[in-house]
Amino acid sequence: MFYKCVSQVKTCLTVAFVVLLSMSVQAENDTYTEAGGVIQTATHSILKLLEREELVQEGQEDQLVAEIDTVLSPVVDFDYISKQVMGKYYRRASKEQRAEFSGIFKTTLLKTYAKALVGFKIDKYEMVPPRKDSPDDSKQIVTVDVFSADGTKYTLVYYMKKEAGEWKLVNAILDGSINIRLSFKNQFADLMERNKGDVGLVISTWKDKVDPGKDSA
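The paragraphs below set out a description of the structure included in this document. (Residues numbered from 1 in each chain as written. Predicted model: local features only at pLDDT ≥ 70, side-chain atom pairs only at ≥ 80, totals over all residues. Heavy atoms only, no water.)

### A closer look at the overall build of the protein chain
- Assigned secondary structure in the protein chain consists of seven helices and five strands.
- If you list the helices and strands of the protein chain from N to C, you get α-α-α-α-α-β-β-β-β-β-α-α.
- Looking at the protein chain as a whole, 44% of its 217 residues qualify as buried.
- Within the protein chain, counting contacts between residues at least 6 apart in sequence, those at least 24 apart form 61% of the total.
- If you sum the accessible surface of the protein chain, you get close to 11300 Å²; carbon and sulfur atoms cover 47% of it. (Helix = DSSP H or I, 4+ residues; strand = E, 2+ residues; numbered from the N terminus. Buried < 20%, exposed > 50% of the residue type's maximum accessible area, 1.4 Å probe, protein only. Contact = heavy atoms within 4.5 Å. Areas by Shrake-Rupley, 256 points an atom, 1.4 Å probe, with all protein chains shown as cover.)

### Some details on the packing of helix 5 (residues 95-117) against helix 6 (residues 180-194)
- The geometry of helix 5 relative to helix 6 is characterised by a closest axis approach of 13 Å and an angle of 125° between their N-to-C directions. The orientation of helix 5 with respect to helix 6, classified from their angle, is oblique. Crossing angle aside, the handedness with which helix 5 passes helix 6 is right-handed. For the pair helix 5 and helix 6, the contacting residues are Phe-101, Phe-105, Thr-108 and Leu-109 in the first and Ile-180, Phe-184 and Phe-188 in the second.
- Residue composition of the contact of helix 5 with helix 6, by class: six nonpolar, one polar and no charged. (Axes fitted to C-alpha atoms, helices over the stretch in contact; angles between N-to-C directions. Parallel < 35°, antiparallel > 145°, perpendicular 65-115°, else oblique. Left-handed = near helix turned anticlockwise from the far one by under 90°. Nonpolar A, V, L, I, M, F, W, Y, C, P; charged D, E, K, R; others polar.)

### Regarding unusual backbone geometry
- The backbone phi angle of Asp-175 is positive, close to 50°, even though this residue is not glycine.
- With respect to the element layout, Asp-175 can be found in the loop between strand 4 (166-174) and strand 5 (178-179).
- Under the relative-accessibility criterion, Asp-175 is labelled partly exposed at 41%.

### Quick notes on the layout of surface pockets
- Its volume calculated, the largest pocket comes out at about 530 Å³.
- What lines the largest pocket is a set of 23 residues, and nearest its centre among them are Lys-132, Gln-140, Ile-141, Val-142 and Tyr-159.
- Of all the elements, strand 2 (residues 139-148) adds the most residues to the lining of the largest pocket, at five residues.
- A per-class count over the lining of the largest pocket returns 11 nonpolar, five polar and seven charged. (1 Å grid on protein atoms, 1.4 Å probe; cavity = no way out; pocket = protein on both sides within 12 Å on 5 of 7 lines; lining within 4 Å. Points joined across faces, edges and corners; volume = space filled by probe spheres on them.)

### Side note on the nonpolar core
- Ile-68, Phe-188 and Trp-206 are the most contacted members of the largest nonpolar core, which has 50 residues in total.
- For Phe-188, the residues in contact, after removing those within four places along its chain, are Val-85, Met-86, Tyr-89, Phe-101, Val-202 and Trp-206. (Core = buried A, V, L, I, M, F, W, Y, C linked by side-chain atoms within 4.5 Å.)

### Quick notes on the pairing of strand 2
- Counted residue by residue, strand 2 has seven buried out of 10 residues, so it is predominantly covered.
- Bridge analysis of strand 2 against strand 3 (residues 153-163) gives nine bridges, and the strand direction is antiparallel. Across the sheet, Asp-145 pairs through a bridge with Thr-155, a residue of strand 3.
- Hairpin connection of strand 2 to strand 3: four residues between the antiparallel strands, including Gly-151 at a positive phi of 90°. (Pairing = 2+ DSSP bridges.)

### So, the pairing of strand 4
- Buried residues dominate strand 4, accounting for eight of its nine residues.
- When strand 3 meets strand 4, the two strands line up antiparallel, connected through eight bridges. For Leu-156, the partnering residue across the bridge sits in strand 4 and is Leu-174.
- Linking strand 3 to strand 4, which pair antiparallel, is a turn of two residues; within it Ala-164 sits at a positive phi near 50°.
- In this sheet, strand 5 lies alongside strand 4 in antiparallel orientation, the contact comprising two bridges. Bridge pairing in strand 5 links Leu-174 to Ile-178.
- With antiparallel pairing between neighbouring strands as the criterion, strand 4 and strand 5 make up a hairpin whose turn holds three residues, including Asp-175 at a positive phi of roughly 50°.

Take a look at the structure:
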């Protein structure tokens, strides 16, 4: 079931991060422009990475993941997302367990993204104008229609949050049905039930599936 969850969000992660460049186009207000500008820089860097042939060759996954990590860490709030994924079980976890899972979850997203990113082709994208301004200047929601090379259309909804003067990506939803954060939250809850509420065992199990034989990132 774990790998089913990873497979389900693979397309969402791929499309979401690759087309984040579009968020800076047709901005409606200053905060919208700020959020898009941060993502534009990150996306440009990601696309530059994919131009490096040595990074997209078989057997270079670890290096590609490391390079993507450098680009996305300042943009994606991995700690916030991992906390939401743990949900009600976050309070049961010790400070050390919370930090450990945050690192493991970050590795989950980076590896899923790296594997899905190589070879994905985008034909075009279209911004969907917001129906109204965000009532909270510290939060922005941006919708983009994306068309792959085979003509498939994806509708992406991006959730951006501003804290301490910095914009961070905190979630993405594909076609109104694949919610990255919720998908992994359900997976964590399922593992908690299967392991009788043992947070440490769940974290260890998750780590073994994502990064077998290695220390968490």
